[in-house]
Amino acid sequence: MLFSWHCCAQPLVIILYHSLTPEGWVVCCWGLRLLLSTMSEHMQLPLALCRIGLYTCFRALCCKGPPPPRPEYDVVCIGLTGAGKTSLLSRLCSEGSDGIVPTTGFSIKAVPFTNAILNVKELGGADGIKKYWSRYYQGSQGVIFVLDSASSDEELEAARNELHSALQHPQLCTLPFLILANHQDKPAARAPNQIKKYFELEPLARGKRWILDGCSTDNMEAVKESFSQFINLLEDKETEPPARI
Ligand SMILES: Nc1nc2c(ncn2[C@@H]2O[C@H](COP(=O)(O)OP(=O)(O)OP(=O)(O)O)[C@@H](O)[C@H]2O)c(=O)[nH]1
Ligand SMILES: [Mg+2]
């Protein structure tokens, strides 16, 4: 190939150089220009496609905008002292559970989930604090009620009364409820179905958005699943699906 180019083209150029008149050179240049423009016309479509492809790749790699913001919901978390509110919320925030002390007053945590962020206001459950719960209900979009499924009958009765008050409170009665029957890892724990019966939730639950799930700090995957269903209820807003207890 190289040999034939040297053999044929080089002498041709030399002959042309020596023999062509100025007019001949003009004709040669014109022919070359025509050849190049014809080539560039044929190349325009593939070049345009390449440009579009490169631009799309560049956009995909470099100009990826921020993900859409997750919706945030303000929810209140109540339940008797020792029910496990702080423990569950701390674990959901990937914080250690060492050194958890009873909540005095209230504490607020932003708990992140894949599709939403819950701004949870936990109200301490000690006797001296419970009476002020209702002062912190305003602005809530949902309620988390945590109870100790292994507590004494007397404590369970107290939890039942608190839940009933919350369900009937004017600022909470229309909101979705997530009821967590915690401490399920303990041998004395009552099953979620027993609690549902004992708490007489069916008559109050009709037509409302409720979830009652058993849980424990030992199985946070199940807790996350309960929260994910609770978030679905929060997202549904006024389109109330049937109660799930
Ligand atoms: N075995 C067991 N212990 C738990 C569970 N959840 C919480 N606890 C323990 O129960 C105790 C009280 O937990 P907290 O998270 O402080 O309870 P709380 O509801 O926040 O209590 P207040 O802040 O006083 O209203 C702690 O010693 C926890 O380790 C659980 O699911 N199983
Ligand atoms: Mg607490």
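Here the structure is a predicted model, which means the values were calculated and not measured. (Residues numbered from 1 in each chain as written. Chains lettered and ligands numbered in written order. Predicted model: local features only at pLDDT ≥ 70, side-chain atom pairs only at ≥ 80, totals over all residues.)

## A look at the overall build of the protein
No. 1: Counting secondary structure elements, the protein contains 8 helices and 6 strands.
No. 2: When the elements of the protein are put in sequence order from the N terminus, they spell out α-α-β-α-β-β-α-β-α-β-α-α-β-α.
No. 3: Counting the 245 residues in the protein, one finds 26% classified as buried.
No. 4: Expressed as a percentage of contacts within the protein between residues at least 6 apart in sequence, the contacts between residues at least 24 apart total 73%. (Helix = DSSP H or I, 4+ residues; strand = E, 2+ residues; numbered from the N terminus. Buried ≥ 20, exposed ≤ 12 C-beta atoms within 10 Å, placed from the backbone. Contact = placed C-beta atoms within 7 Å.)

## Things to note about unusual backbone geometry
No. 1: Positive phi, normally seen in glycine, also occurs at H183, with a value near 65°.
No. 2: With respect to the helices, strands and loops of the structure, H183 is situated in the loop between strand 5 (177-182) and helix 6 (192-198).
No. 3: Using a count of 24 C-beta atoms within 10 Å as the deciding quantity, one classes H183 as buried.
No. 4: At E200, a residue that is not glycine, the phi angle is positive and equals roughly 50°.
No. 5: Mapped onto the elements of the fold, E200 is located in the loop between helix 6 and helix 7 (201-205).
No. 6: Under the C-beta neighbour-count criterion, E200 is labelled exposed, with 11 such atoms within 10 Å.

## Comments concerning the site of ligand 1
No. 1: In the neighbourhood of ligand 1, 21 residues make up the surrounding shell, with T81, G84, P102, T103 and G125 lying closest.
No. 2: Examining the composition of the shell around ligand 1, we find that 3 residues originate from one element, helix 3 (residues 85-92), more than from any other.
No. 3: In the shell around ligand 1, the residues fall into 5 nonpolar, 13 polar and 3 charged. (Near = placed C-beta within 6 Å. Nonpolar A, V, L, I, M, F, W, Y, C, P; charged D, E, K, R; others polar.)

## Side note on the UniProt feature "binding site: Mg(2+)" (unreviewed entry) in the protein
No. 1: Cross-referencing UniProt, the feature "binding site: Mg(2+)" (unreviewed entry) maps to T86 and T103 in the present numbering. The greatest C-alpha distance among the annotated residues, which extend across 18 residues, is 7.6 Å, indicating that they converge on a single site.
No. 2: Assignment of secondary structure puts T86 in helix 3.
No. 3: A residue is classified by how many C-beta atoms lie within 10 Å of it, and T86, with 21 of them, is buried.
No. 4: Residues contacting T86, with those up to four places away along its chain left out, are I100, T103 and E122.
No. 5: Residue placement: T103 occurs in the loop between helix 3 and strand 2 (106-112).
No. 6: T103 gets classed as partly exposed once you count the C-beta atoms within 10 Å, which come to 18.
No. 7: In this structure T103 touches T86, E122 and G124, once residues within four positions along its chain are discounted. (UniProt positions renumbered as here; feature names shortened; annotations may be inferred.)

## Concerning the nonpolar core
No. 1: Judged by nonpolar contacts, the single largest core of 41 residues is most densely connected at C77, V143, I144, F145, V146, I179 and L180.
No. 2: It is helix 8 (residues 220-236) that contributes the most residues to this core, 6 residues altogether. (Core = buried A, V, L, I, M, F, W, Y, C linked by C-beta atoms within 7 Å.)

## Quick word on the sheet that holds strand 3 (residues 117-123)
No. 1: In spatial order, the strands read 2-3-1-4-5-6; together these 6 strands make up an open sheet with mixed pairing. Two strands in the sheet have a free side with no partner beyond their single neighbour: strand 2 and strand 6 (210-214). In this sheet, adjacent strand axes meet at a mean angle of 20° when their direction is disregarded.
No. 2: Those strands touched by helix 5 (residues 153-168) are strand 1 (72-78), strand 4 (142-148) and strand 5, and its axis lies near 170° from that of strand 4. (Pairing = 2+ DSSP bridges. Axes fitted to C-alpha atoms, helices over the stretch in contact; angles between N-to-C directions.)

## Overview of the pairing of strand 2
No. 1: Looking at chain direction, strand 2 and strand 3 are connected through 7 bridges and run antiparallel. Bridge assignment links A110 to a residue of strand 3, and that residue is N119.
No. 2: Following strand 2, the chain reverses through 4 residues before pairing antiparallel with strand 3.

## A word on helix 3
No. 1: When helix 3 is considered as a whole, its buried residues turn out to be K85, T86, L88, L89 and S90.
No. 2: On the buried face of helix 3, the contacting elements are strand 1, strand 2, strand 3, strand 4, strand 5 and helix 8.
No. 3: Positive phi appears at S94, one or two residues downstream of helix 3, with a value of about 60°.

## Describing the confidence of the model for the protein
No. 1: Across the protein, the average pLDDT comes to 85, with 79% of residues at or above 70.
No. 2: Overall, residues 1-5 carries pLDDT values under 50, and its contacts beyond four positions in sequence, including any with other chains, amount to 0 contacts.
No. 3: This model gives residues 238-245 a pLDDT under 50, and the stretch forms 16 contacts once residues within four places in sequence are excluded. (pLDDT = per-residue confidence, 0-100.)

## Overview of helix 5
No. 1: With 16 residues, helix 5 ought to run about 22 Å at 1.5 Å a step, and its terminal C-alpha atoms sit 23 Å apart, in line with that.
No. 2: Along helix 5, the residues classified as buried are L156, A159, L163, A166 and L167. For helix 5, the angular spread of the buried residues around the axis is 95°, confining them to a single face. In helix 5, the exposed positions that point more than 90 degrees away from the buried face belong to E154, N161 and Q168. (Expected span 1.5 Å × (residues − 1). Arc of directions from axis to C-beta.)

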